[in-house]
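# Coordinate analysis (summary)
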Amino acid sequence: MKGLFVSPSPHRATNMSTAKIMLMVIIALLPSAAAGCIFFGPRAAAVLAVCVISCVVFEALSRIVMKREQTVSDLSAIVTGLLLGMNLPATIPFYIAVIGSFIAIVIVKQLFGGIGQNFANPAIAARIVLMLSFTPQMSNWVKPYWYSNAVDAETSATPLAAQWLNYTENGSSFKMAPFTLSEMFWGETGGCIGETCAAMLILGGLFLIITKVISAATPVAFIGSFALLTFIYTGSLTETAYDVLAGGLLIGAFFMATDYATTPITTKGKIIFGIGCGLITFIIRTFGSFPEGVSFSILLMNLLTPYIDRLTKTSPFGAKKPVKAEKN
Amino acid sequence: MNKLNGIHLNHNKGTKKCETTDFPLPKTLVIPMSQHMGAPCDCLVKKGDEVTVGQKIGDTGAFMSAPIHSPASGTVADVIDYLLPNGAVCKAAVIETDGNQTVCPDINPPEITDRQSFIAAVRESGLTGLGGAGFPTHIKLNYDAVKTPIDTLIINAAECEPYITSDYRELMERTTDVIEGILLVQKYLGIPLCKVCIENNKPDAIELMKSKTADIKSIEILTLPSAYPQGAEKVIVYSATGRIVAEGELPSNQGVMVMNVSTVAEIYRYTQTGMPLITRRITVDGDAVTKNAGNYFVPIGTKVSEILEYCGAEEAKKVLYGGPMMGLCLYDTDQPVLKNNNAILAFKEGSLPKTTACIRCGRCVRTCPFELMPVMIEKAYNAKDVEELKRLKVTLCMNCGCCSYACPAHRPLAEINQLAKALIPRK
Ligand code: SF4
Ligand code: SF4
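Just so it is clear, the structure is predicted and the values come from calculations on it, not from any experiment.

As a further point, take the domain arrangement of chain B. Residues and elements named next belong to chain B. Assigned domains of chain B: these are domain 1 (115-273) and domain 2 (363-423). A C-alpha centroid distance of 29 Å is found between domain 1 and domain 2. Counting from both sides, the interface comprises 6 residues of domain 1 and, opposite them, 7 residues of domain 2. For the domain 1 face of the interface with domain 2, the top three residues by lost area are Tyr228, Lys234 and Glu247, together amounting to 68%. Linking domain 1 with domain 2 are 1 salt bridge, by the criterion used here. For the salt bridge of Lys393 with Glu247, the shortest nitrogen-to-oxygen distance reads 3.3 Å.

Dropping the structure here:
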């Protein structure tokens, strides 16, 4: 009998696939996205939908234009769209969201070769470009439940912005902004759609760690180093907790600093990456001229990732170090 | 001691309980003169010759070799050119069996008095490593006892590949042969300690061996966790002794010798009967096998097609020599069973999931028992960067397949590693 199927070993494969991994990330993001929709209303849901749909469309179009194999079914564009939307304020004009999707998918991801090839996190890079180009629209925060009649639709500062104003205008010391720790934990504060609800972000992050989609090393190193530095600097546990819960730290640490393509491969590398992010976030938040530093810190560390990878190569089992030529 | 990485597989050891039976003697046997690494044998018979069971039909004076014997009595129908799976061509004797199984008159238990005569006898038995690699056993035994003294004999009964149960059946059915074989090797080579390593998914084999060796001080039964690739040589040395066989070293550099459990039992049988290695216990299994899955003593040279027919696996799309992780695909079912085969697996499904782009998830790095970085090796291979491949130590790769298995993008990483190895000039 001939005509047998011949292939090199192994003849077994995991039932994991890129699409399944992306699906897990989507599942992990949904609770925080849903919380965002509850706090910031139908407008938030619309922003998320615009981002996801435009990301998928841009992904499909780029592959068609580049005459490459279609990759929409790997679901990575949905993850990018969701993350981008969650990093925008609910009031963002839709055209800006679409521009963000274009930057994320076409410029940052597909021009570099598509999934796995990009050096910067698409959602983060897009958020930063939007922040620099559309600063007023990107910092037009609203109070939670602004869409219902119970709350007047006035704008609100984010916890960090409030703290920062307090700090820069009233002088020296950190002062608590007008949110309680419990509000911060459940996310009933001003901010981007998906970044405020710490509880759901932690839940999603834990889900990904338990299912081994991401390694705990990055978030632990990121949040840990940031918290430690903040605690040393402020000397206050409450202040530290406030800062950890505020802004994009948790969504960044669990969902963006763990992006496979743009962060180091080995555990050692992930720890270095996480500590770098924590340090830069702390420096920007404390001494910089922006209230928020998570996006910048991740982008900067993204750029360093190839070097970290080179420095943290594993030392294989039984490998001998090359013997250096002896000098005479 | 750190635990080495690896993967957990479905054991699929459905043939565990299948006692070994004799496979019906086929009408024709095809016996290639090259069945393992090293020099091929010269064919000692020619067309028309009568042969008997156990008669030597192939041998050579080359160092890395083992003689080949006829598993049946009958006539040499032809001596043909045979295409080996690696692309080389060797001679093969085609034997028409007569069904009488007349035993060769020269078959007598060998006379063994010392180390040299012991090793000479093992050579005459035609024995090669039965675990898969097929290294001639007498060469392994003939190590330099002064330069690299050996203090521990490791008996590999891990059998970590899914489906295969032939080593397990050896332990259960021929326990005494195993133990006597160990004692012989220890006696003639002067190895003080033996550790028999069995994965914990075979508790009855562990129990049996423990009770039978209870008052033999020099034999220790070790229970190892079942994790693939527990039975790989360097892995089992590390699991059993904590010693690391480093780059460029052989186990003997670390004072250990690893032997497959069926090999050591075969040594004992040969010293008792003088009957060389002419049959193999083969596990026949896989989802394309519709009947008679089990363990068989199959004459070497039996065409795999006969086995598939006997087991109702004619519809198979993929047929393997060996296990699903490291086994070799047959391209033609007329290929024969060789000395180092321990399983024939037949599967309905041939193809694996489609390969997609690497997402840099790092799973390949995390599962590699040797902590290699297949993701980076693939990049360096594509760039034909030999220096980088050397830095990444690709030559250490044992082709265990954990990386390819774990890759969610289903990249053929293990295969790429083997291609990458070939780029590195040998010293
Ligand atoms: S397991 Fe596959 S997808 Fe993941 S890093 Fe390795 S090669 Fe890339
Ligand atoms: S095949 Fe090679 S690189 Fe892959 S896991 Fe096994 S030893 Fe590591």
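We now examine the site of ligand 1. Around ligand 1 sit Cys358(B), Ile359(B), Arg360(B), Cys361(B), Gly362(B), Arg363(B), Cys364(B), Val375(B), Cys407(B), Pro408(B), Ala409(B) and Leu413(B), and those are all the residues in its vicinity. Of the residues that constitute the shell around ligand 1, the class distribution is 9 nonpolar, 1 polar and 2 charged.

All names here are of chain B. The pairing of strand S4 (residues 50-51) with strand S7 (residues 74-83) spans 2 bridges and is antiparallel. Paired with Val51 across the strands is Gly74, a residue of S7. Sheet analysis places S7 next to strand S8 (residues 89-97), joined by 9 bridges and oriented antiparallel. Bridge pairing in S8 links Asp78 to Val94. In sequence, S7 turns back onto S8 through a hairpin of 5 residues, with Gly87 there showing a positive phi of about 95°.

A word on the site of ligand 2. Around ligand 2 sit 13 residues, and of these Cys368(B), Cys397(B), Cys400(B), Cys403(B) and Asn417(B) come closest. Within the shell around ligand 2, the residues separate by chemical class into 10 nonpolar, 3 polar and no charged.

Cut-offs applied
Residues numbered from 1 in each chain as written. Chains lettered and ligands numbered in written order. Predicted model: local features only at pLDDT ≥ 70, side-chain atom pairs only at ≥ 80, totals over all residues. Heavy atoms only, no water. Domains from an automatic or database assignment. Contact = heavy atoms within 4.5 Å. Buried area = accessible area lost by both parts, 1.4 Å probe. Salt bridge = Lys/Arg side-chain N within 4 Å of Asp/Glu carboxyl O. Near = heavy atom within 4 Å. Nonpolar A, V, L, I, M, F, W, Y, C, P; charged D, E, K, R; others polar. Pairing = 2+ DSSP bridges. Helix = DSSP H or I, 4+ residues; strand = E, 2+ residues; numbered from the N terminus.

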